[in-house]
Amino acid sequence: MTRKIIIGSRESRLAVIQSEMVQQYIQRSHPELTVEILTMKTAGDKILNQPLEKIGGKGLFVKELDAALLDGRSDLSVHSLKDVPMELPKELPLIAYSAREDVRDALILPEGVNELDFSKPVGCSSRRRMLQFARLYPQATFAPIRGNVQTRLKKLDSGEYCATILAAAGLKRLRLTHRINRYFTTEEMIPAAGQGILAVQGRAGEDYGFLAGYSDAEAAACAQAERAFVRALGGNCSTPVAAYARVILNSASDTETLADLHMDLPVDLSVGLSSDLGVNSKSGLAASASRQGTDGVEKPGLKDSRALRLDVFYFDDATGKSYWDGAAGSMDHPAELGESLAGRIKERIL
């Protein structure tokens, strides 16, 4: 008897495309399985006239999907990881992470418009994006915008806003890159934790061996570091917090501290920026070169390995100050890296 796998998905076009990506992987890798997608409209999709934080946060986008998993109507759910709440039921763990798509945020202008017109607000409901955008464009004002990508583009093109900001990953998956006016570098705008990664959620204790080749180890480590940072700060859908981890080449002795990345920031916005991590290197590649002879042979007593680099941003409402920080750590303990950076931010706030 053919085993059937049911994937739970939100109804939006982007959500379905992302679920289809997982469906296609399973079908290619395990042709003996039948895979179907069950779509449903979540409370977050239905209530578009109120800020998320006032109606229950990002959990509203997964509540119905969680219920379907728990009662057996679906076998797994596919989410944009950046939209997954930090605290999850133990019975519904994240079981796989996709390779990361473009992590950057992108600026979108109305159809046919090529320049920002700050006589109108930027359509944006993310405080993370607003604070970092305002650092680049101090003259900007903002107005809330909700809905799926197509809904937001329709509102933008109707003349309500001068621009909006969206995740490049979603636009690429929707084949809407022609709408992008510019990409923000990860130094200009640190992304949300998990941005660009798809997360597959399942039921604890079940066999998901058919996903063994789908999950990406590097993306998983990055996701765990980023989410640990946000979780340690008590972050939620309304918290202006950002975290971006990436794998770097680390050539270091067992005792050497990895370099901190110092971004060019206005003085009044760089409160808490770390400067105590040793020599400066943006990627670790320069450090690697310095530890090799001209013939490329590694010097005795040193080793090459991969490490995680995590850069973060946090705005503290109580003090009204912005904090940037960054550090590198072991690929084997990504959550510890995120928690350590959160601890440093807390110390600076106090």
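The structure this text deals with has already been given above.
Now for a quick tour of the structure. These numbers come from a predicted model, not from an experiment. (Residues numbered from 1 in each chain as written. Predicted model: local features only at pLDDT ≥ 70, side-chain atom pairs only at ≥ 80, totals over all residues. Heavy atoms only, no water.)

Moving on, we get to the overall build of the chain. Looking only at helices and strands, one finds 10 helices and 13 strands in the chain. Pairs at least 24 apart in sequence give 72% of the contacts found in the chain among residues at least 6 apart. Accessible surface for the chain amounts to roughly 16,200 Å². Of this, 50% is attributable to carbon and sulfur atoms. (Helix = DSSP H or I, 4+ residues; strand = E, 2+ residues; numbered from the N terminus. Contact = heavy atoms within 4.5 Å. Areas by Shrake-Rupley, 256 points an atom, 1.4 Å probe, with all protein chains shown as cover.)

We now examine the sheet that holds strand E7 (residues 142–143). Hydrogen bonds between backbone groups are what pair the strands of a sheet, and the pairing can be parallel or antiparallel. Here we have 5 strands laid out as an open sheet, ordered E7-E6-E8-E5-E9, and mixed in their pairing. On the outer flanks of this sheet lie E7 and strand E9 (180–183), each paired with one strand and no other. The sheet contact formed by strand E6 (residues 122–123) and strand E8 (residues 163–167) spans 2 bridges and is parallel. The residue bridging Gly123 from the neighbouring strand is Thr164, located in E8. Sitting on the sheet, helix H6 (residues 149–157) touches strand E5 (105–108) and E8, and the angle it makes with E8 is about 165°. (Pairing = 2+ DSSP bridges. Axes fitted to C-alpha atoms, helices over the stretch in contact; angles between N-to-C directions.)

Moving on, we come to the pattern of salt bridges. Scanning the entire structure with this criterion turns up 20 salt bridges. Between Lys82 and Asp83 there is a salt bridge; the shortest N-O distance is 3.4 Å. When the shortest N-O distance is used, the salt bridge between Arg309 and Asp311 registers 2.8 Å. Just as Arg309 is buried, Asp311 falls in that class too. (Salt bridge = Lys/Arg side-chain N within 4 Å of Asp/Glu carboxyl O. Buried < 20%, exposed > 50% of the residue type's maximum accessible area, 1.4 Å probe, protein only.)

All right, on to the environment of Arg182 then. The residue Arg182 is located in strand E9 in this model. Spatially, the C-alpha atom of Arg182 lies 5.4 Å from that of Leu107, the residues being 75 residues apart in sequence. Excluding residues that lie within four positions of it along the chain, Arg182 makes contacts with Ala106, Leu107, Tyr137 and Glu188. A distance of 3.2 Å separates a polar atom in the side chain of Arg182 from a polar atom in the side chain of Tyr137. (Polar contact = N/O pair within 3.5 Å; in protein donor to acceptor, adjacent residues only side chain to side chain.)

The next point concerns the pairing of strand E1 (residues 3–10). The buried fraction of E1 is high, at 6 of 8 residues. Summarising the sheet, E1 and strand E2 (residues 33–40) pair through 8 bridges and their orientation is parallel. By the bridge assignment, Ile6 is partnered in E2 with Glu36. Regarding topology, helix H1 (residues 13–29) serves as the crossover connection from E1 to the parallel E2, and that connection is right-handed. Where E1 and strand E3 (residues 76–80) come together, 2 bridges link them in parallel fashion. Looking across to E3, one finds that Gly8 is bridged to Ser77. (Right-handed = clockwise from strand over helix to strand, strands pointing away.)

Bringing the packing of aromatic side chains into the picture now. Inspection of every chain in the model, using the stated rule, returns 7 aromatic pairs. For the pair Phe313 and Trp324, a centre-to-centre distance of 4.8 Å together with 45° between the ring planes defines the contact as tilted. Of the two residues, Phe313 sits in strand E12 (residues 303–316) while Trp324 sits in strand E13 (residues 321–330), which places them 11 residues apart along the sequence. Here Phe313 and Trp324 have matching classes, each one buried. Grouping aromatic residues by their ring pairs yields a cluster made of Phe118, Phe133, Tyr137, Phe142 and Phe184. Lying over the aromatic face of Tyr183, Arg104 brings its terminal NZ or CZ to 4.0 Å of the ring centre. (Phe/Tyr/Trp six-rings, centres within 6.5 Å; stacked < 30°, edge-to-face > 60°. Lys NZ or Arg CZ within 6 Å of the ring centre and 35° of its normal.)

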